[in-house]
Amino acid sequence: MTYTKETLQEAIVQKLRLNYGCTEKQATDGEVMKACALVLRDIMAERGVRTREEVDSQEKRKVHYMSMEFLMGRSLMKNAYNLELLEPLTGAVEALGFKAADIFDMEPDAGLGNGGLGRLAACYLDSMTTLEIPATGYSICYELGIFKQKIVDGQQVELPDDWKNLGDAWLMPKPQETEEVHFGGKVRTRWDNGHLMVVHEDYTRVLAVPCDMEIAGYDTQQVNTLRLWDAKSPKPIDMKLFSEGQYLRAGEERAMADVISKVLYPEDNHYEGKSLRLKQQYFFVSATMQSITRQHIQTYGTLKNFHEKNVIQINDTHPALVIPELMRILVDDAGLSWDEAWHITTCSVAYTNHTVLAEALECWPQQLFETLLPRVWQILQEIARRWQEKVESFYHDPEKTAKMAVIWDGVVRMANLCIAGGMAINGVSALHSDILRHDVFRDACRMEPEKFKNVTNGVDHRRWLSQINPGLDGLIRELIGDGYLTHAGHLQELDPYAEDGAVLARLFGRGIYRMPGEGIPDTVHPPPDFPAVSGLSDPFRTVPYSRRELAGSQHRMFGRVLPGLVRSCRGYQALSGLVGACPA
């Protein structure tokens with residue numbers, strides 16, 4: 001179906017009437033923004049259904065990208081751009097009497113992440129969809145994922161950021177696909193005809209309700225999904241306690257479940273905070289793996305070929321519990337032997353590392369696992385024992401055994417768990433990956449060098465170049481065409497223009513950058529870091545710079561614009577390394 005300004009305008013009007021009970025003249029900016037989101041969501045949902053049907057019918061291999069963060073940014077303009085509907089949508093909003101810029105600007109960032117780790121995850125989802133790779137992202141549907149910053153008396157004050165007030169228009173709850181996650185309790189085991197029988201009892205149940213966010217690719221009909229898990233209690237209230245007037249205690253179980261998806265990265269400098277963080281990690285890992293394995297069984301009838309049809313990419317160590325959880329499902333639920341289950345797991349899971357600081361590698365007290373995740377703890381002990389035997393037989397060195405151990409001195413080391421149970425470990429740049437190989441994980445790399453790879457991060461050039469700077473985008477298209485939008489490697493074709501005076505003159509003349517010296521007053525007092533970023537030579541200078549000096553500095557900076565752009569985007573093809581690292 002072709003969408004024009006008129007058809008989008010009519011669709012927005014219908015959403016306002018049917019979903020918000022108002023006309024376009026009565027609607028607020030917020031209602032118009034949500035109506036626009038719902039219109040685009042409907043388009044993506046229809047394409048998403050067709051994508052999943054095609055993937056299932058052709059039995060394509062799927063990527064499952066697990067991350068505690070997805071820093072998606074604002075979705076309205078991004079989705080309209082990817083769907084190639086930005087111009088007609090802008091026209092439709094303007095025709096209804098609203099300023100499109102105001103509508104786009106009022107959308108809050110989805111509160112699902114706060115840093116580079118989350119931005120990387122969001123970029124990969126966008127890229128995989130554009131490359132038509134079947135992929136799903138998984139995380140938690142945080143109520144307060146990021147915070148509003150306020151400075152009071154020179155100090156930062158963190159205030160809650162209720163992004164769902166407007167941002168929930170993108171979410172599609174799927175209560176029919178709810179999973180159940182178990183915490184605490186006790187485990188009984190017994191052997192029956194050579195099979196280990198496991199009974200987990202007296203546990204606390206938490207429901208994981210999926211809320212799906214559709215992800216549109218650029219210049220493609222493919223639509224992938226970001227699945228966010230919302231924590232709910234199966235028992236909304238204890239009626240007995242409520243009838244006795246114990247109102248707070250009556251809702252205690254519900255409150256304890258809700259808190260799991262309340263805040264991203266709660267403070268963990270106390271026991272309760274550590275406990276909550278571990279609960280969050282296992283909650284979204286367990287729900288995700290139950291969902292993935294359930295869908296796999298519905299398609300293939302067995303989990304024995306799970307590793308042939310699925311890749312689990314974990315973004316940092318936060319989702320590392322996917323390794324023992326997949327083992328639990330394969331051994332306890334599917335009845336596979338340990339060796340077969342371990343083969344499937346170690347051919348399914350890949351790990352992206354984000355830190356080279358030893359003190360930043362995630363570790364957990366043994367006591368937390370024993371209390372909160374008793375069955376997972378048993379599986380971790382067996383993984384740790386077998387891995388330790390493997391290390392000892394290779395090195396015969398107690399110091400290396402201690403350093404590489406998954407469990408040591410009452411502490412569970414999540415990075416070592418990822419190395420033991422993963423098929424691939426990558427850094428996010430060539431330098432970073434070299435540090436992992438030769439320093440942080442040197443001993444593990446010597447033992448299993450084939451696991452260690454590099455996947456260089458790139459730049460979301462469609463968003464941060466084409467969408468944000470249409471003037472520069474237009475010049476690049478004139479020089480090398482528009483192929484760079486889907487294959488960033490084409491940006492290397494700009495190399496011959498790096499010193500081309502005519503091209504640089506057109507760059508300035510288009511208003512993309514100001515001409516050297518334009519608009520600069522006679523003298524300027526620069527900020528302290530200006531010499532470092534501008535190329536001016538005297539970092540200790542305290543007197544003002546003249547107009548001529550600044551103009552000369554601009555010439556040097558502009559001469560580096562195009563080659564710098566090329567260098568920053570050369571790593572963008574790294575996604576093929578992510579998928580290519582997975583065995584067929």
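Computed from a predicted model, the values in this text were never measured in an experiment. (Residues numbered from 1 in each chain as written. Predicted model: local features only at pLDDT ≥ 70, side-chain atom pairs only at ≥ 80, totals over all residues. Heavy atoms only, no water.)

## Let's talk about the overall build of the protein chain
Here is step 1: Counting its secondary structure elements, the protein chain contains 27 helices and 19 strands.
Here is step 2: For the protein chain, buried positions account for 51% of its 584 residues.
Here is step 3: Contacts in the protein chain between residues far apart in sequence, at least 24 positions, make up 72% of those at least 6 positions apart.
Here is step 4: A total accessible area of about 27100 Å² is found for the protein chain, and carbon and sulfur atoms account for 51% of it. (Helix = DSSP H or I, 4+ residues; strand = E, 2+ residues; numbered from the N terminus. Buried < 20%, exposed > 50% of the residue type's maximum accessible area, 1.4 Å probe, protein only. Contact = heavy atoms within 4.5 Å. Areas by Shrake-Rupley, 256 points an atom, 1.4 Å probe, with all protein chains shown as cover.)

## Points about helix α14 (residues 338–346)
Here is step 1: Those residues of α14 that sit buried are W338, A341, I344, T345 and T346.
Here is step 2: Where the residues of α14 are buried, they touch α12 (306–309), α13 (322–333), β12 (349–352), α16 (374–395) and α18 (414–421).

## Describing the packing of aromatic side chains
Here is step 1: Summed over the entire model, instances satisfying the criterion amount to 8 aromatic pairs.
Here is step 2: Ring geometry for F441 against F452: centres 6.4 Å apart, planes inclined by 45°, an arrangement best described as tilted. On the criterion of sequence distance, the pair formed by F441 in the loop between α19 (430–440) and α20 (442–447) and F452 in strand β17 (residues 452–454) is long-range, its members being 11 residues apart. Each of the two residues, F441 as well as F452, counts as buried. (Phe/Tyr/Trp six-rings, centres within 6.5 Å; stacked < 30°, edge-to-face > 60°.)

## A short note on the confidence of the model for the protein chain
Here is step 1: Confidence along the protein chain averages 86 in pLDDT terms, with 87% of residues attaining 70 or more.
Here is step 2: Every residue in residues 514–561 is under pLDDT 50, and counting partners more than four places away or in other chains gives 55 contacts.
Here is step 3: Overall, residues 567–584 carries pLDDT values under 50, and its contacts beyond four positions in sequence, including any with other chains, amount to 42 contacts. (pLDDT = per-residue confidence, 0-100.)

## Considerations on the pairing of strand β8 (residues 195–201)
Here is step 1: One ladder, built from 7 bridges, connects strand β7 (residues 186–192) with β8; its direction is antiparallel. Paired with T189 across the strands is V198, a residue of β8.
Here is step 2: Between β7 and the antiparallel strand that follows it, β8, lie 2 residues; N193 among them carries a positive phi value of about 55°. (Pairing = 2+ DSSP bridges.)

## Focus on a negative patch on the surface
Here is step 1: Negative charge collects at one region of the surface, where E84, E132, D219 and D482 lie side by side.
Here is step 2: Checked against the element boundaries, D482 lands in the loop between α22 (470–480) and α23 (501–509).
Here is step 3: Relative accessible area serves as the criterion here: at 46%, D482 is assigned to the partly exposed category. (Patch = residues over 30% accessible without salt bridge, like charges linked within 9 Å, V, L, I, M, F, W, Y side chains within 5 Å. Salt bridge = Lys/Arg side-chain N within 4 Å of Asp/Glu carboxyl O. Lys, Arg positive; Asp, Glu negative; His and termini not counted. Charge placed at Lys NZ, Arg CZ, Asp CG, Glu CD.)

## What about the environment of A255?
Here is step 1: Following the sequence through the fold, A255 ends up in helix α10 (residues 252–258).
Here is step 2: Linking A255 and P236, residues 19 residues apart in sequence, is a C-alpha distance of 9.0 Å.

## Points about the pattern of salt bridges
Here is step 1: Following the criterion strictly, the structure yields 42 salt bridges and no others.
Here is step 2: Residues D333 and R328 are paired through a salt bridge, measuring 3.7 Å at the closest nitrogen-oxygen approach.
Here is step 3: For D333, a relative accessible area of 55% gives the class exposed.
Here is step 4: For E389, the salt bridge goes to R385, with nearest N and O atoms at 2.8 Å. With E389 and R385 both in helix α16 and 4 residues apart, this pair spans about one turn of that helix.
Here is step 5: A relative accessible area of 43% means that E389 is categorised as partly exposed.
Here is step 6: Take R385: its relative accessible area is 38%, and that puts it in the partly exposed class.

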